[in-house]
Structures are given as structure tokens and as C-alpha cells.
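# Chains, contacts and geometry: an overview
The lines below spell out each chain.
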Number of protein chains: 2
Amino acid sequence: MSSLMECILKRRSIRAYKPDMVPQEALETILKAGTYAPTANDRQTPIILAITNKEMRDKLSAMNAKIMGKEGDDPFYGAPVVLVVLADKTKSTYLYDGTLVMGNLMLAAYDQGLGSCWVHRAKEEFESEEGKAILRELGIEGDYEGIGHCVLGYPAQDLPEAGPRKDNYVYYIK
Amino acid sequence: MSSLMECILKRRSIRAYKPDMVPQEALETILKAGTYAPTANDRQTPIILAITNKEMRDKLSAMNAKIMGKEGDDPFYGAPVVLVVLADKTKSTYLYDGTLVMGNLMLAAYDQGLGSCWVHRAKEEFESEEGKAILRELGIEGDYEGIGHCVLGYPAQDLPEAGPRKDNYVYYIK
């Protein structure tokens with residue numbers, strides 16, 4: 001277990017993964033962290049798809065690559081686990097709510113000794129007929145928008161150093 | 001210093017504050033946590049206004065109350081410090097980027113023994129002529145959208161318990 005500040009300062013986006021599966025206990029802790037993200041008025045508008053099934057993981061990867069115009073690539077960098085956060089877009093704060101879930105997932109992944117990376121284009125994926133069919137098969141009804149993929153696994157690269165923060169990130173009004 | 005999971009599970013939105021000022025060191029640690037949030041391609045599209053000046057804090061509170069249609073109220077719950085996150089809306093990921101900054105600020109506030117709460121309507125505030133003038137006076141150029149206010153201070157209430165998480169927050173695809 002790491003301190004909050006260590007997780008915040010040391011977490012980096014990992015873009016190369018070993019194929020080894022993530023232990024179930026680590027996965028459940030990470031998912032719990034996601035569900036405890038604050039949401040406006042505690043409405044809990046997001047949901048999380050926790051994908052460890054290789055067939056589904058590869059299917060989403062192919063859909064994502066196609067949206068990017070790079071068919072044949074793996075936008076999930078070989079990660080064996082993909083967590084997809086979606087949120088109920090009929091609620092005005094859905095995008096903020098879903099993003100806070102993503103933030104907790106990435107921090108908890110670092111805390112569990114795993115790498116993670118936010119991969120975009122979940123919006124386009126679940127706007128497609130193929131994406132909508134996946135939700136239907138899971139019994140998910142309603143108007144959900146894809147917020148992001150948090151891919152998870154053991155890093156197959158060294159942890160990169162954080163780049164410098166920009167000048168003028170913070171303006172003090174004292 | 002608390003563990004990541006303690007911060008995630010115990011942090012709550014605080015809606016009543018003592019007037020006591022936040023120590024400078026705690027404020028700087030919280031701001032540092034914000035600036036280390038991940039942003040797409042490390043573009044660091046957000047900025048943070050760190051407001052400890054009472055006049056400016058009260059001015060924003062009044063603007064916020066007016067937008068809410070509740071003039072005379074203090075939507076900042078008496079908190080002495082207001083951190084406003086804005087992000088460069090010419091970049092497609094600005095809203096996700098800015099929200100991840102907000103998430104780190106709220107977690108770090110808990111870690112520093114402080115209460116925090118996300119207060120909305122920053123978007124409308126900084127779309128107004130009055131809001132734009134505040135940015136101009138700070139020398140901030142460009143097209144920034146208000147993402148949220150993270151109000152900070154010592155809680156004047158007990159820490160509420162977390163409500164139950166909803167059923168079907170997580171869907172496993174094994």
C-alpha cells in the first residue's frame with residue numbers, strides 16, 4: 001500500500017504490457033476504488049465493464065484501432081485487462097462523474113503494482129451498432145456514453161519519469 | 001500521510017466549513033497533486049486559480065449563487081479557499097483533463113486533513129463578462145472553460161458515511 005502522494009507523483013501511463021493476467025484480488029480492489037469516486041449528488045451515473053475475456057478484449061481493440069484508422073494495431077498495448085467506464089448521458093454531470101472513476105482506477109492500479117493507461121475512443125466505440133450490441137447483451141439499458149478505457153497489466157517497460165509541469169499551471173490570488 | 005485506498009474510501013464532500021485559513025504548506029501539496037494528474041499526451045491543458053483572497057472568494061461565491069438563482073446564498077459553504085480548475089477548450093480532451101485535476105485535488109485535501117467539495121457552475125461563471133475579466137486581469141489568454149471549484153477548509157461537520165454503492169456498478173466479462 002502506497003501513500004496517496006506517492007501514487008499521484010509516481011503513476012505514469014504505461015504503453016507496453018506483459019501478457020500475464022492481473023490477480024483477481026488486485027482487480028477487485030481497483031474496481032472498488034473506481035466505484036468510490038465522487039459523483040454529483042452521489043448519483044453514481046457511471047458503470048464499469050471489467051473485461052478479462054480475451055475474445056472481448058481483442059474485439060474492442062480491433063474496434064478501437066478501426067476508429068483510429070489503424071486497423072491491425074493494438075491500441076491497448078498488449079494489456080490483458082480492459083476496464084471501460086461509461087456514464088449515463090441523460091444526467092448533466094455524466095462526463096465529470098465518469099472521468100473521476102477513471103482517475104481512481106489509474107491511481108489504484110499503481111498502488112497494486114500494475115501499469116495502466118487511459119485509452120480514448122470509448123465514446124465512438126459504444127456509439128457504433130457493434131458497441132450498442134455489447135451493452136444490450138449485458139442487459140445494460142439506457143443511454144450510456146463511453147468515457148474511457150483503463151487498460152491494466154504488468155508493465156513491459158521501465159516506469160517513465162514525469163515530464164516537467166508547465167509554467168503558470170497555478171495562479172495564486174492572495 | 002494516508003494510504004491511497006484510505007483517501008479514496010474515506011473522502012467525502014463537506015458542506016460546512018470553519019473560517020480558519022488553510023496552511024500554506026497543505027495548500028501547496030494539494031496544488032502539486034492537481035498538477036500531476038494525467039492529461040492526454042501530457043498536454044497539461046488545465047490551469048488552477050488558487051484563491052485565498054477573501055474579496056475574490058466572495059465575488060465568485062456571489063456570481064455562483066446568482067447563476068444558481070439563489071442570490072445571497074454562499075454556494076462555497078463558508079470555505080475560506082477556492083481552487084478553480086479551468087481547461088483549454090481548444091484541445092479535444094480538455095474536459096477529461098480538467099476533471100482528473102479536480103479528482104487529485106479532492107483526494108489530496110483529505111490526505112492533508114481538510115474537507116473539500118466539488119462545486120459546479122464554473123463553466124457559466126467564466127463564460128460571463130465578469131468571469132472573463134478576472135482571467136484577463138490575471139494575464140490568462142486563450143479559450144478556457146471552467147471545469148469546477150474545489151472548495152477547501154476545515155470541516156464544521158462530522159465526516160458523513162459513504163452511501164451504499166449501486167447494484168450493477170461493475171459488469172464482469174470473464
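Residues numbered from 1 in each chain as written. Chains lettered and ligands numbered in written order. Predicted model: local features only at pLDDT ≥ 70, side-chain atom pairs only at ≥ 80, totals over all residues.

## Observations concerning the interface of chain A and chain B
- Facing 50 residues of chain A, the contacting portion of chain B comprises 50 residues.
- At the level of secondary structure, the elements contributing two or more residues to the side of chain A that touches chain B comprise helix H1 (4-10), helix H2 (24-35), strand S1 (46-51), helix H4 (94-111) and strand S5 (170-173) of chain A.
- No other element matches the 10 residues that H4(A) contributes to the side of chain A that touches chain B.
- Of the residues that constitute the side of chain A that touches chain B, the class distribution is 32 nonpolar, 13 polar and five charged.
- Two elements, S1(A) and strand S5 (residues 170-173) of chain B, share four bridges in a ladder whose sense is parallel. By the bridge assignment, Ala50(A) is partnered in S5(B) with Tyr172(B). (Contact = placed C-beta atoms within 7 Å. Helix = DSSP H or I, 4+ residues; strand = E, 2+ residues; numbered from the N terminus. Nonpolar A, V, L, I, M, F, W, Y, C, P; charged D, E, K, R; others polar. Pairing = 2+ DSSP bridges.)

## Quick word on the sheet that holds strand S3 (residues 115-119) of chain A
- In spatial order, the strands read S3(A)-S4(A)-S2(A)-S1(A)-S5(B); together these five strands make up an open sheet with mixed pairing. Each edge of the open sheet carries a strand with a single partner, namely S3 of chain A together with S5 of chain B. If you compare each strand with its neighbour and ignore which way they point, the axes differ by 20 degrees on average.
- Across six bridges, the pairing between S1(A) and strand S2 (residues 81-88) of chain A is antiparallel. Along S2(A), the bridge assignment pairs Ile51(A) with Val82(A). (Axes fitted to C-alpha atoms, helices over the stretch in contact; angles between N-to-C directions.)

## Details of the nonpolar core
- Core analysis: the largest hydrophobic core is formed by 104 residues, its most contacted members being Leu83(A) and Leu83(B).
- Ignoring any residue separated from it by four or fewer positions in sequence, one finds Leu83(B) in contact with Ile48(B), Leu49(B), Ala50(B), Leu105(B), His149(B), Cys150(B) and Leu152(B). (Core = buried A, V, L, I, M, F, W, Y, C linked by C-beta atoms within 7 Å. Buried ≥ 20, exposed ≤ 12 C-beta atoms within 10 Å, placed from the backbone.)

## Quick word on the environment of Tyr96(B)
- Positionally, Tyr96(B) belongs in helix H4 (residues 94-111).
- Judged by the 24 C-beta atoms lying within 10 Å of it, Tyr96(B) falls in the buried class.
- For the pair Tyr96(B) and Ala40(B), spaced 56 residues apart in sequence, the C-alpha separation works out to 8.4 Å.
- Non-local contacts of Tyr96(B), meaning those with residues more than four positions away in its chain, are made with Thr99(A) and Ala40(B).

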